[in-house]
Amino acid sequence: MIRFLFSIPGRALSIVIAGLMPAKRSKVLHGHDAAIAYAHELCGTVHESSRSSSPHSQANAGDVLTMTYAQAVAEAKRNLKFLLVLLTTDVHDDTRAAQRTLTDDTLRAVIASHEIYVWAGSATQPDARMAALSLGVTRFPFIGFITPKQNGSMACVSKIEGLALTAEVTAMVSSSVETYEPTLITMQVDKKEQNASREIRAQQDSAYEASLRRDRAQAQRQRQLLEEAERRAAVEKENTLNRLRWLAQAAERLKMLLKDSALPTGQVARLQFRLPDGSRLIRKLPRDTPISDVYALIEIEITKPPDAGVDPSEAPSDAYIHRHSFALATPMPRCVLDADRTIADYPQICPSGTVVVESEE
């Protein structure tokens, strides 16, 4: 064991010995718990909320950070703040005096005015022991001043090893601030400008994405409207073609009916139609003529469909339902003629009578 101790470099020897010496606290604490326990010892009290806070909670300048040393360094690096580190051991008589240094009003005023983070720990605990090794501590108590560097690293630029008067610690901190604060302010300004530029870019990207979404939605809507218009046009075209086919077939049937109008008087009905425009139309039709053909006759007379070259042998599609824009009725008493019946079914118009064409548009 003796041979092992003599083989350790001098600056680390005291740290190892401190770790091997009996501690006043028998329980070994780690990380966040160790930081809270030491803060309680240092300041006399820790609010219960500190015990339940996250080890990654945001640091407040001037307060003793209740997080691991690595987290404290990372927090100071992220926020571009100075970090003041106090390391003690339970085996040194100067520990309480060093701890009282951080409670001095003058030093705390300097710490608060420059928003310096403070972290403290006992080298008898694993986290503080690792901090001591990383800082190259050779004597306790130890106070180190750590600052962010422009290359992105953190460096301990000033330190006091061994017990020092409060005035000496305050002078060391003040001198370090005076030396490194201009560079730190420049870094903070640069970071703010970078954050502002990043925020502007984010807002621009967000606005662009929103505009792009609106353009896409508008284009989609236009496509939908175009597709709907094309669909309606196709349906209208199909309906028009079916109507012309229906009228062409009706015209062929009417040709035969009009030829049959030369039948003997007892087999023919003479109908007088009152058209919506006030004109009159007289036709002779066989008494057994379906009323549906009478409707077709009047529609052809009213609309006078153009000759679209539709083949009468081509029937409308099965789904097509032809609807008339008018109704046929007898006057006084009014009776609408049913398309499913024949002329002979209505004594009001057979063998002769008047039919009123009533527009439904």
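It should be noted that the structure appears before, not after, this text.
Residues numbered from 1 in each chain as written. Predicted model: local features only at pLDDT ≥ 70, side-chain atom pairs only at ≥ 80, totals over all residues. Heavy atoms only, no water.

(A) How the structure looks around the overall build of the chain. Scanning the chain from N- to C-terminus turns up 10 helices and nine strands. Across the 361 residues of the chain, 37% fall into the buried class. For the chain, long-range pairs separated by at least 24 residues make up 68% of all intrachain contacts whose partners lie at least 6 apart in sequence. Split by element, the accessible area of the chain, about 21100 Å² in all, is 53% carbon and sulfur. (Helix = DSSP H or I, 4+ residues; strand = E, 2+ residues; numbered from the N terminus. Buried < 20%, exposed > 50% of the residue type's maximum accessible area, 1.4 Å probe, protein only. Contact = heavy atoms within 4.5 Å. Areas by Shrake-Rupley, 256 points an atom, 1.4 Å probe, with all protein chains shown as cover.)

(B) Structural view of the nonpolar core. Ranked by size, the top nonpolar core spans 29 residues in total, and within it Phe273, Leu328 and Ile343 carry the most contacts. Of all elements in the fold, only α9 (166-259), β5 (268-274), β6 (280-286), α10 (291-303), β7 (326-330) and β9 (352-359) reach the threshold of two or more residues within this core. For Ile343, the residues in contact, after removing those within four places along its chain, are Ala269, Leu271, Leu285, Pro286, Arg287, Thr289, Ile291, Val294, Ile349 and Cys350. Ranked by size, the runner-up nonpolar core spans 25 residues in total, among them Phe82, Val177, Leu184 and Met187. (Core = buried A, V, L, I, M, F, W, Y, C linked by side-chain atoms within 4.5 Å.)

(C) Looking closely at helix α7 (residues 105-113). Looking only at α7, the buried set comprises Leu107, Val110 and Ile111. Each buried residue of α7 lies within a common arc of 100 degrees when the element is viewed along its axis, so the set occupies one face. Opposite the buried face of α7, at more than 90 degrees from it, the exposed residues are Asp105 and Ser113. Capping the start of α7 is the job of one residue whose side-chain oxygen sits 3.0 Å from the backbone nitrogen of Thr106: Asp104. (Arc of directions from axis to C-beta. Polar contact = N/O pair within 3.5 Å; in protein donor to acceptor, adjacent residues only side chain to side chain.)

(D) Highlighting the sheet that holds β6. Across the sheet, which stays open at both edges, the five strands sit in the order β6-β5-β9-β7-β8 with mixed pairing between neighbours. Single-partner strands in this sheet number two, and they are β6 and β8 (335-336). Two elements, β5 and β9, share five bridges in a ladder whose sense is parallel. The residue of β9 that forms the bridge with Gln272 is Thr354. (Pairing = 2+ DSSP bridges.)

(E) Local environment of the pattern of salt bridges. Scanning the model with the defined rule gives eight salt bridges in all. The shortest N-O distance in the salt bridge between Arg78 and Glu75 comes to 3.1 Å. Residue Arg78 and its partner Glu75 are both found in helix α5 (residues 69-79); the two are separated by three residues, about one turn of the helix. Taking relative accessible area as the criterion, Glu75 reaches 8% and is therefore assigned buried. (Salt bridge = Lys/Arg side-chain N within 4 Å of Asp/Glu carboxyl O.)

(F) Quick peek at the pairing of strand β1 (residues 83-88). Within β1, six of the six residues are buried, leaving the element largely enclosed by the surrounding structure. Residues Leu83, Val85 and Leu87 line one face of β1 and the alternating positions Leu84, Leu86 and Thr88 line the opposite face, and both faces are buried. Sheet topology places β1 next to strand β2 (residues 117-122); six bridges connect them, and they run parallel. Each bridged residue has a counterpart across the sheet, and for Leu83 the counterpart in β2 is Tyr117.

(G) Examining the sheet that holds strand β4 (residues 154-161) more closely. Spatial ordering of the open sheet is given by β2-β1-β3-β4, a layout of four strands whose pairing is mixed. Of all the strands in the sheet, the pair left with one neighbour each is β2 and β4. On average, each strand axis in the sheet is tilted by 20 degrees relative to the strand beside it, whichever way the strands run. The pairing of strand β3 (residues 142-148) with β4 spans seven bridges and is classified as antiparallel. Within the sheet, the bridge partner assigned to Phe142 lies in β4 and is Glu161. (Axes fitted to C-alpha atoms, helices over the stretch in contact; angles between N-to-C directions.)

(H) Summary view of the pairing of β6. As defined by bridge partners, β5 adjoins β6 across seven bridges and the pair is classed as antiparallel. If you follow Leu271 over to β6, its bridge partner there is Arg283. What sits between β5 and β6 in their antiparallel hairpin is a turn of five residues, with Gly278 showing a positive phi close to 95 degrees.

(I) Structural view of unusual backbone geometry. Across the junction of Phe140 and Pro141, the peptide omega takes the value -5 degrees, indicating a cis bond. Looking at where Pro141 falls in the secondary structure, it is placed in the loop between α8 (126-135) and β3. The step from Cys350 to Pro351 runs through a cis peptide bond, and the omega angle for that step is 20 degrees. Its location among the elements puts Pro351 in the loop between β8 and β9.

(J) Just the packing of aromatic side chains, in detail. Under the definition given, this model contains three aromatic pairs. Consider the rings of Phe82 and Phe145, whose centres lie 4.8 Å apart with planes at 45 degrees: the pair is tilted. Taken together, the residues Phe82 in the loop between α5 and β1 and Phe145 in strand β3 connect sequence positions 63 residues apart. Exposure class is identical for Phe82 and Phe145. Each is buried. (Phe/Tyr/Trp six-rings, centres within 6.5 Å; stacked < 30°, edge-to-face > 60°.)

(K) Structural detail: α10. Taking 1.5 Å as the rise per residue, α10 with 13 residues should run 18 Å; its terminal C-alpha atoms sit 18 Å apart, in good agreement. Of the positions making up α10, those classed as buried are Ile291, Asp293, Val294, Tyr295, Ala296, Leu297, Ile298, Glu299 and Ile300. Within two residues after α10, Lys304 carries a phi angle of roughly 45 degrees, on the positive side. (Expected span 1.5 Å × (residues − 1).)

(L) Quick peek at the environment of Val356. Here Val356 is to be found in strand β9. Taking relative accessible area as the criterion, Val356 reaches 19% and is therefore assigned buried. Among all residues touching Val356, those that are not within four sequence positions of it are Arg274, Ala327, Leu328, Ala329 and Pro331.

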